[in-house]
Amino acid sequence: MNLFKQRVADLVQSALANMGAGEDAVGPVLELVEIPPDEKLGDFAVPCFAFARTLRRSPVQIAEEIVAQADRPPWLTHIKAVKGYVNVKLHRGHVAQHVLGDILRAGEAYGSREPNGRTVVIDYSSPNIAKPFSLGHIRSTVIGESLARIFAHQGYRVVRINHLGDWGTQFGRVIGGYVRWADHDRLEKEPIKELFRLYVKFHEEAEKDPALEDEARDWFRRMEEGDPVALALWRRFRELSLLELERTYARLGIRFDDYTGESAYNDVSDIIEKLRALGLLKESQGAQVVELGDDIPPCLITKSDGTTLYATRDIAAAIRRQEQYNFDLAFYVVDSRQSLHFKQVFGVLERMGYEWASGMEHIPFGTLQFGDEIMSTRKGNVIFLEDVLNEAVTRVKQIIAERNPSLKNADEVAEAVGVGAVIFNDLVHNRIKDISFQWEDVLNFDGDTGPYVQYTHARACSVLRRADEQGARPMSDGFDRLEWEDSEMRLVRLLGRFGETVDAAAKGREPSTVARYVLDLAQAFNGFYHSNRILGSERQAERLALTDAVRQVLANGLRLLAMEAPPEM
Ligand code: ARG
């Protein structure tokens, strides 16, 4: 409906200009246009309170004058002044023609924008190797991928970066465990679990025998010093883990462009030199820090033994990314507990004089709790993402076997629905909220869930298939010449809001905006389906067109959430 919103704004803007209040005086009307709370009031409303000062009249009077002044184009059926608002109703046929015509024409691209020449690099998922990729990281993975798709849809060039946690003292423990207890077969088959088992076992044994911790420290020191044995082990762990990670990412439909992890940023001598030359480096108890004013604690750059820190590596990574990708925006989709870390990193980059630092953003999110269990890495009672996906798929297989035993490709569908259910549960809430994971909620085919939306999409597909079998064709043009019913128009309007919804999701960096939209659309379509005939009705052709448009927009929305849309389930 962006087109009509713009037209309404233009209409009011030129009426105001005729009344002696040009755009320079009252500002752009477009920003004021609202959607009235009650659809009976109209499709759009423009509040006139902001014009009162310039025009020296009451908003009530101004609204009336605007209505008297305004043109009456054919796409408008009604323009009325109500208590300081200008309410506008659109011609139903014109709206339907515009919306349905657009969807038919653009298909997958419906709601997207032209390339805008801007680049966004998105740092997400970024798990730590040798620690498990758990439900804690799934949030970053899913939110990050959805944002990547939303921004690509908005016309950005998107670079997907996985800043692997592939360096750190945990590797000392893992190597220590590996040389004692490695199960080589399992390491090939399930590297992430085996490495984690070694890590946990080492930790447990070290509680009994503290000398083990010295050994772990020694292994990590050897890594830092470039010892070939230690490095070869580390490299093998990294490669095996990456292979397994990529298998999981493939199930989620994700492909990273860049896997440069923390290990690539150990040599930061040039950054230290630059900080020193700028006079930013201060010594504090043997460590080097950059002070960031009164509100934020100083950022630690090197430890007293000269080794670098998480923040130092992020500073180096940001500079490399700017050189390599020349980004306009850089997102970090990371747990809200790291807010201070990113404030410090961005603060240091700003003080170094990098103007592009203003395009850096931490995109935080809340925690994920699985049933009653809270995750803790050390103890080993963790939940592996791979296991969650498998469990979801197994459960969906059972549900499908009950609901639709004759379904072809049942395995493929179960994969799409099981994985989709896990993703949707994560994306349907505002990202900053803490969320919980309960199987009954996540997989409920009638709840606010992924399966529900996918099922609705499949229902639309099935109506279209049956129509096709009967030789019934959806209408493809001339929508403006029809009389549209209320229940149909409700769907048309909702379909027309898809583009604005994606705009809002991008603006707020908030995939839940899209998730809630597809839920609304699915509910609206199901409501329509239950109270109206489609096949065999006198309005069959236009209702089939509407069904096809719903199918397309649900599929587009699901794609932005990194979910599949199976045509049958
Ligand atoms: N590996 C880190 C962790 O699991 C997340 C890394 C996020 N990205 C970054 N550039 N710091 O806590």
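It should be noted that the structure appears before, not after, this text.
Residues numbered from 1 in each chain as written. Predicted model: local features only at pLDDT ≥ 70, side-chain atom pairs only at ≥ 80, totals over all residues. Heavy atoms only, no water.

Colleague: Describe the packing of helix 9 (residues 191-208) against helix 10 (residues 211-224), listing the residues and the values that go with them.
Modeller: Helix 10 packs onto helix 9 with a crossing angle of 135 degrees between their chain directions and a minimal axis gap of 7 Å. It follows from the interaxial angle that helix 9 and helix 10 lie oblique. The segment helix 9 lies against helix 10, with Phe202, His203, Glu205 and Ala206 engaging Leu212, Glu213 and Ala216. For the contact of helix 9 with helix 10, the per-class residue count stands at 4 nonpolar, 1 polar and 2 charged. (Axes fitted to C-alpha atoms, helices over the stretch in contact; angles between N-to-C directions. Helix = DSSP H or I, 4+ residues; strand = E, 2+ residues; numbered from the N terminus. Parallel < 35°, antiparallel > 145°, perpendicular 65-115°, else oblique. Contact = heavy atoms within 4.5 Å. Nonpolar A, V, L, I, M, F, W, Y, C, P; charged D, E, K, R; others polar.)

Colleague: Describe the side chain of Ser263, naming the residues involved and giving the relevant values.
Modeller: In this structure, Ser263 sits in the loop between helix 11 (228-251) and helix 12 (269-277). We classify Ser263 as buried; its relative accessible area is 17%. (Buried < 20%, exposed > 50% of the residue type's maximum accessible area, 1.4 Å probe, protein only.)

Colleague: Give me empty space enclosed by the protein: which residues, what numbers.
Modeller: If you roll a probe as big as a water molecule over the atoms, it shows you where there is empty space left. Counting across every chain of the model gives 1 cavity of 30 Å³ or more. Taken as a whole, the largest cavity holds about 50 Å³ of empty space. Pro127, Asn128, Ile129, Ala130, Lys131, Phe133, Ile192, Ser241 and Leu245 are the residues that line the largest cavity. Counted by class, the lining of the largest cavity contains 6 nonpolar, 2 polar and 1 charged residues. (1 Å grid on protein atoms, 1.4 Å probe; cavity = no way out; pocket = protein on both sides within 12 Å on 5 of 7 lines; lining within 4 Å. Points joined across faces, edges and corners; volume = space filled by probe spheres on them.)

Colleague: Tell me about the sheet that holds strand 3 (residues 85-90), and name the residues and values.
Modeller: In spatial order, the strands read 1-3-2; together these 3 strands make up an open sheet with antiparallel pairing. Edge positions in the sheet fall to strand 1 (44-47) and strand 2 (76-82), since each of these pairs with one other strand and no more. Here the average twist between neighbouring strands, direction ignored, is 15 degrees. Bridging between strand 1 and strand 3 involves 4 bridges; their strand directions are antiparallel. By the bridge assignment, Val46 is partnered in strand 3 with Val86. Against the sheet, helix 1 (residues 2-18) touches strand 1, strand 2 and strand 3, its axis set at about 35 degrees to strand 1. (Pairing = 2+ DSSP bridges.)

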